[in-house]
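Okay, here's what each chain looks like letter by letter:
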Amino acid sequence: MHIYLSIDDTDNLDSPGSGHVAEVMAKEMQQLGLTLHCGNITRHQLFVHESIPYTSHNSSMCFPADISDNNLSGVIQFAKEFLVKTSAPGSDPGLCVAVVGESLDRQSLIDFGLLAKKTVFTKQNAYDLAERTGVHLSEHGGTGDGIVGALAGIGLRLQGSDGRFRGWLNLGQAGQSASHKSLCSHPAVDAVVNDEGEILPEDTLITFAEDKVKTVFLNHRQVIPVSQNGHASGPWTTLTKAEVKRF
């Protein structure tokens, strides 16, 4: 069974962020044998609005997992207890778990996720959609407003072209270059793409703008975005920490 698990609003300004919480959760689930495999975590930026409470950026975290067919309830129960145990004081944690299959209404979830990037939704909006689509949605402290972001995270992960992957890759130092082919030898890199999302030829040389590289989720791949910074004949360069925030 293949699932997506998403969390939101588990932190406060003094605690580790929700990305850290998702990472520890996924690791513990694998160690306990609750999951056969957990995929990489994506961070999805949601609407920033004065009426929406959030810690710093209003983003949710989502990761895929493979589990045994009879283990869904165990995974959900563990995730619930984990959020209650680890979420920071003052947070409003939410959990969403979706089973991927033919019966899943992907488009309704995707539409909700995309709208959550520019629209204020209520908890009732989220619960209504969860009931219609059959996904698990639950709140675990505070106001529980995190269920909106958790549900949106599922939709945006399903959409396949939204968000940044958690963590940074150390592939070379700033100013050094590497070929597209060599970059793709890293297990966390599927491709290197230009500003239009097109995959570059294998022999293309990429210059590192900084010592660390961020991957993003595009066309259901984990890719390194690069740019020529408006110069058609200039070198292909990885994005800086500031530039990659547009994803």
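Above this text is the structure in question.
Rules behind the numbers
- Residues numbered from 1 in each chain as written.
- Predicted model: local features only at pLDDT ≥ 70, side-chain atom pairs only at ≥ 80, totals over all residues.
- Heavy atoms only, no water.
- Axes fitted to C-alpha atoms, helices over the stretch in contact; angles between N-to-C directions.
- Helix = DSSP H or I, 4+ residues; strand = E, 2+ residues; numbered from the N terminus.
- Left-handed = near helix turned anticlockwise from the far one by under 90°.
- Contact = heavy atoms within 4.5 Å.
- Nonpolar A, V, L, I, M, F, W, Y, C, P; charged D, E, K, R; others polar.
- Phe/Tyr/Trp six-rings, centres within 6.5 Å; stacked < 30°, edge-to-face > 60°.
- Buried < 20%, exposed > 50% of the residue type's maximum accessible area, 1.4 Å probe, protein only.
- Polar contact = N/O pair within 3.5 Å; in protein donor to acceptor, adjacent residues only side chain to side chain.

Asks: What should I look at first to understand the packing of helix 3 (residues 106-115) against helix 5 (residues 146-159) in this one?
Replies: Interaxial distance between helix 3 and helix 5 falls to 7 Å at its minimum, and their mutual angle equals 115 degrees. Like other packed secondary-structure pairs, helix 3 and helix 5 cross with a definite hand, here left-handed. Of helix 5, the residues touching helix 3 (which contributes Arg106, Leu109, Ile110, Phe112, Gly113 and Leu114) are Val148, Leu151, Ala152, Ile154, Gly155, Leu156, Leu158 and Gln159. Tallied by class, the residues present in the contact of helix 3 with helix 5 amount to 10 nonpolar, three polar and one charged.

Asks: How should I be thinking about the packing of aromatic side chains in this particular structure?
Replies: The relation between two aromatic rings is expressed through the spacing of the ring centres and the mutual angle of the planes. The tally for this structure, following the rule as stated, stands at three aromatic pairs. Centroid distance phenylalanine 165 to phenylalanine 217: 5.6 Å. Interplanar angle 85 degrees. Geometry classified as edge-to-face. In this pair, phenylalanine 165 is assigned in strand 7 (residues 164-165) and phenylalanine 217 in strand 11 (residues 216-218), connecting sequence segments 52 residues apart.

Asks: Looking at this structure, I do not really get the side chain of histidine 44. What am I missing?
Replies: Mapped onto the elements of the fold, histidine 44 is located in strand 3 (residues 42-45). Its relative accessible area of 0% is what places histidine 44 among the buried residues. For histidine 44, the side chain forms a polar contact with the side chain of aspartate 162, separated by 2.8 Å.

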